[in-house]
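Architecture at a glance
What follows is each chain in one-letter form.
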Amino acid sequence: MAKRQNAASEAETPAPETPEETAERIRQGKGAPTPTRRQQEAARKRPLVPTDRKEAARVARQKQAEAREKARLGMAAGDDRYLTARDRGPQRRYVRDYVDARFSIGEFLIPVMLIVIILTFLPVAALQVYGLFALWGFFLIAVIDCFVLGFLVRKRLAAKFGASKVERGVRWYGAMRALQLRVMRLPKPQVKRGQFPS
């Protein structure tokens, strides 16, 4: 038994290196002398104030502009990393997609208001009065449409995510999105009209 252990230990012991092999291994493995502590500290030192302040400010502005542009594009595309807390989450995405797929009366509230403002500049009193009545009537229809939208959105979210898991404020979120012109919505619409989320 002792003979077997001696033979095994002799087989595991590596053969000694010659001085030439040792020198070659050291030369290949390192390639340069170890830098002193002073050299390492000097390499890590950076000035507190840059030598060319104008150039440093220009580079900083350029980096900030690139970061802002990246965030703007990410938010427009609906990337969760760049969305505000108000727009983040699967339920908010579902509400956005549902509102964008739907035809909403409130989308045309801003153009109707502009038309009424133009009518108020005309010297015809009857046009001004009818324009205001039309605006209030349109606004009332848009509010009713928002209530219907809120009911539909909550019902669909309850069916998809569960009635107890529906987030607060989704009705208001959907209504505010429905009152904006489609081209002005942020994040940008990711679905076409009629392409309702499942």
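Placed above this text is the structure.
The rules behind the values
Residues numbered from 1 in each chain as written. Predicted model: local features only at pLDDT ≥ 70, side-chain atom pairs only at ≥ 80, totals over all residues. Heavy atoms only, no water. Axes fitted to C-alpha atoms, helices over the stretch in contact; angles between N-to-C directions. Helix = DSSP H or I, 4+ residues; strand = E, 2+ residues; numbered from the N terminus. Left-handed = near helix turned anticlockwise from the far one by under 90°. Contact = heavy atoms within 4.5 Å. Nonpolar A, V, L, I, M, F, W, Y, C, P; charged D, E, K, R; others polar. Buried < 20%, exposed > 50% of the residue type's maximum accessible area, 1.4 Å probe, protein only. Lys, Arg positive; Asp, Glu negative; His and termini not counted. Salt bridge = Lys/Arg side-chain N within 4 Å of Asp/Glu carboxyl O. Polar contact = N/O pair within 3.5 Å; in protein donor to acceptor, adjacent residues only side chain to side chain. Core = buried A, V, L, I, M, F, W, Y, C linked by side-chain atoms within 4.5 Å. 1 Å grid on protein atoms, 1.4 Å probe; cavity = no way out; pocket = protein on both sides within 12 Å on 5 of 7 lines; lining within 4 Å. Points joined across faces, edges and corners; volume = space filled by probe spheres on them.

In contact at an axis separation of 10 Å, helix α5 (residues 90–101) and helix α8 (residues 170–178) are set at 35° when each is read in the N-to-C sense. In this structure, α5 meets α8 at a crossing whose hand is right-handed. In contact with Gln91, Arg92, Val95, Arg96, Val99 and Asp100 of α5, α8 contributes Val170, Tyr173, Gly174, Arg177 and Ala178. Here the contact of α5 with α8 is built from residues that sort into five nonpolar, two polar and four charged.

Attention now moves to the side chain of Arg96. Along the chain, Arg96 falls in helix α5. Buried and unpaired, Arg96 has no salt bridge, with Asp87 as the nearest side chain of opposite charge at 4.5 Å. Within the local environment of Arg96, its side chain forms a polar contact with the backbone oxygen of Asp87, the two atoms lying 2.7 Å apart. Other than its neighbours up to four places away in sequence, Arg96 contacts Leu83, Asp87, Tyr173, Arg177 and Pro187.

Turning next to the pattern of salt bridges. Scanning the model with the defined rule gives eleven salt bridges in all. A salt bridge links Asp100 to Arg177; its shortest N-O distance comes to 2.9 Å. Placement of the pair is Asp100 in helix α5 and Arg177 in helix α8, with a sequence separation of 77 residues. Neither residue differs from the other here; Asp100 and Arg177 are each classed as buried. Between Glu107 and Arg193 there is a salt bridge, with the nearest N and O atoms lying 2.8 Å from each other. Taken as a pair, Glu107 in the loop between α5 and α6 (109–120) and Arg193 in the segment after α8 lie far apart in primary sequence, 86 residues in all. Given the relative accessible area of 2%, Glu107 is considered buried.

Attention shifts here to the environment of Leu132. You can see Leu132 is positioned in helix α7 (residues 125–161). Taking the C-alpha atoms as reference points, Leu132 and Thr120, separated by twelve residues in sequence, lie 8.7 Å from one another.

All right, on to unusual backbone geometry then. Note that the residue after Leu186, namely Pro187, is joined by a cis bond; omega there is -10°. Turning to its location among the elements, Pro187 is positioned in the segment after α8.

Core analysis: the biggest nonpolar cluster contains eleven residues, these being Tyr94, Val95, Tyr98, Val99, Leu149, Val153, Leu157, Val166, Val170, Tyr173 and Ala178. Taken together, the elements giving at least two residues each to this core come down to α5, α7 and α8. If one sorts the elements of this core by residue count, α5 sits on top with four residues. Apart from residues no more than four positions distant in its own chain, Val99 is found in contact with Ser104, Leu149, Gly174, Arg177, Ala178 and Arg185.

Quick look at the layout of surface pockets now. As a volume, the largest pocket reaches approximately 260 Å³. Together, 13 residues line the largest pocket, and Val143, Cys146, Phe147, Trp172 and Ala175 are the ones closest to its centre. The set of elements that each furnish at least two residues to the lining of the largest pocket consists of α7 and α8. Here the lining of the largest pocket is composed, by residue class, of eleven nonpolar, one polar and one charged.

For the rest of this paragraph, the subject is empty space enclosed by the protein. Following the criterion strictly, the structure yields one cavity of 30 Å³ or more and no others. Within this model, the largest cavity holds a volume of roughly 30 Å³. Taken together, Gly78, Arg96, Asp97, Asp100, Pro187, Lys188 and Gln190 make up the lining of the largest cavity. Here the residues of the lining of the largest cavity are counted per class, giving one nonpolar, two polar and four charged.

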